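# Residue-level structural notes
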Amino acid sequence: MTAISVHHLWKEYGDQIVLEDISLDFTPRSFIALVGPSGCGKTTFLRILLSEETVTRGEVLIDGKPIAREPGADRGVVFQRYSVFPHLTVLGNVVLAAEMEEAPFTGRLFGPRRRQVEEEARALIEEVGLKGAEDKYPAALSGGMQQRLALAQAIMRKPKILLLDEPFGALDPGIRADIHQLMLKLWNSCEMTVVMVTHDLKEAFTLATRIIAFERRRNRPEEKARYGATIAKDIEVWPTRIAGKTRQASPTPGRDDPAIPSGPGRDDPALQTA
Ligand SMILES: Nc1ncnc2c1ncn2[C@@H]1O[C@H](COP(=O)(O)OP(=O)(O)OP(=O)(O)O)[C@@H](O)[C@H]1O
């Protein structure tokens, strides 16, 4: 269960201020949606949480300790595309996640440990709805299936924090609704804090416990050197949720509950011909 604290974070690229004095505390197991206009620094913020970028000023603490300088297994990531390896099968992609973690130099596990990892990978593949596609290559999977695989690959390493950069942005609406259900299921079953960048407000309200909107209040070219994006809105979507408790769909959904579609998903492998 992982808390993230950001204190007076500034990020500048040359003479451009991207993020200005951002302070935030994410409680363990929160699901944060980061929204805001294009170019306001959402991905930059995510990359800082991944240790792919450093702050110019301020600090980021994970469970009270300064964030590691390098990306690590404690933080998983899924991008809109190209998160998986095209030359590996579904099973190979998920197994590799564990191999990179446990055998970073050779990238291979052997004997009983390899068999154990393969079993874990098969169970996870089934959990994300890809059973039967273990031997397929990503090119033979639909967009929705590829993102399911990317989620399985990220979760195989049991990250404490899952960072999502518009992971479902390229999927059509029906497939997106199905994968939202999967995302909620995974978030409930794994003890992760999730931070997701999205342009889709409906998606933010469906998935997140809290929505943070970044906005650059002054955006003229001559102002970029003096003003970065700040927090324009901070909305608690599930104010009654206590950290550590799982989120259940209520038997009789309230008017403000997120929509929970039911029935088989449109991107179910059984419905795929490829
Ligand atoms: N490595 C970099 N070097 C210089 N400028 C950068 C770098 N990375 C990002 N920027 C600039 O920082 C600003 C914020 O970019 P970022 O990608 O974080 O925005 P965003 O809110 O995620 O945008 P979008 O919604 O379009 O993905 C942009 O003006 C971008 O050009």
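Residues numbered from 1 in each chain as written. Predicted model: local features only at pLDDT ≥ 70, side-chain atom pairs only at ≥ 80, totals over all residues.

### Comments concerning the overall build of the protein chain
Secondary structure assignment for the protein chain yields 6 helices and 10 strands. By residue count, 38% of the 274 residues in the protein chain fall in the buried class. Long-range contacts, defined here as pairs at least 24 residues apart, represent 74% of the contacts in the protein chain between residues at least 6 apart. (Helix = DSSP H or I, 4+ residues; strand = E, 2+ residues; numbered from the N terminus. Buried ≥ 20, exposed ≤ 12 C-beta atoms within 10 Å, placed from the backbone. Contact = placed C-beta atoms within 7 Å.)

### Here we look at the pairing of strand 2 (residues 16–26)
Of the pairings in the sheet, the one linking strand 1 (residues 4–13) to strand 2 comprises 7 bridges and is antiparallel in character. Along strand 2, the bridge assignment pairs Ser5 with Asp25. Connecting strand 1 to the next strand, strand 2, in antiparallel fashion are 2 residues, including Gly14 with a positive phi near 60 degrees. (Pairing = 2+ DSSP bridges.)

### What to know about the pairing of strand 8 (residues 193–197)
The side chains of a regular strand alternate, first on one face of the sheet and then on the other. Counting buried residues along strand 8, 5 of its 5 residues qualify, which places the element largely inside the surrounding structure. Burial along strand 8 is two-sided: Thr193, Val195 and Val197 facing one way and Val194 and Met196 facing the other are all buried. Relative to strand 8, strand 3 (residues 31–35) runs parallel, the two being bridged by 4 bridges. Bridge pairing in strand 8 places Ile32 opposite Val195. A crossover links strand 7 (residues 161–165) with its parallel partner strand 8, the connecting element being helix 5 (residues 173–189), and its sense is right-handed. (Right-handed = clockwise from strand over helix to strand, strands pointing away.)

### What about unusual backbone geometry?
The residue Ser51 is not glycine, and still its phi comes out positive at about 65 degrees. Topologically, Ser51 is positioned in the loop between helix 1 (42–49) and strand 4 (57–62). Here Asp63, not a glycine, exhibits a phi torsion of approximately 50 degrees, which is positive. With respect to the helices, strands and loops of the structure, Asp63 is situated in the loop between strand 4 and strand 5 (65–66).

### Description of the site of the ligand
The environment of the ligand is made up of Tyr13, Val18, Gly36, Ser38, Gly39, Cys40, Gly41, Lys42, Thr43 and Thr44. Counting residues per element, the shell around the ligand draws most heavily on helix 1, at 3 residues. Across the shell around the ligand, the residue classes break down as 3 nonpolar, 6 polar and 1 charged. (Near = placed C-beta within 6 Å. Nonpolar A, V, L, I, M, F, W, Y, C, P; charged D, E, K, R; others polar.)

### Thoughts on the confidence of the model for the protein chain
The share of residues in the protein chain with pLDDT of 70 or more is 82%, and the mean pLDDT across the chain is 83. The low-confidence segment residues 240–244, where pLDDT is below 50, has 8 contacts with residues more than four positions distant or belonging to other chains. In the predicted structure, residues 246–274 sits below a pLDDT of 50 and forms 34 contacts with residues beyond four places in sequence or in another chain. (pLDDT = per-residue confidence, 0-100.)

### Some remarks on the packing of helix 4 (residues 143–156) against helix 5
Two elements in contact, helix 4 and helix 5, have axes separated by 10 Å at closest approach and are oriented at 15 degrees. If you check the angle between helix 4 and helix 5, you find them roughly parallel. Regarding helix 4 and helix 5, the two cross each other, and that crossing is right-handed. Residues Gly144, Gln147, Arg148, Leu151 and Ile155 of helix 4 pack against Ile175, Asp178, Ile179, Leu182 and Leu186 of helix 5. In the contact of helix 4 with helix 5, the residues fall into 6 nonpolar, 2 polar and 2 charged. (Axes fitted to C-alpha atoms, helices over the stretch in contact; angles between N-to-C directions. Parallel < 35°, antiparallel > 145°, perpendicular 65-115°, else oblique. Left-handed = near helix turned anticlockwise from the far one by under 90°.)

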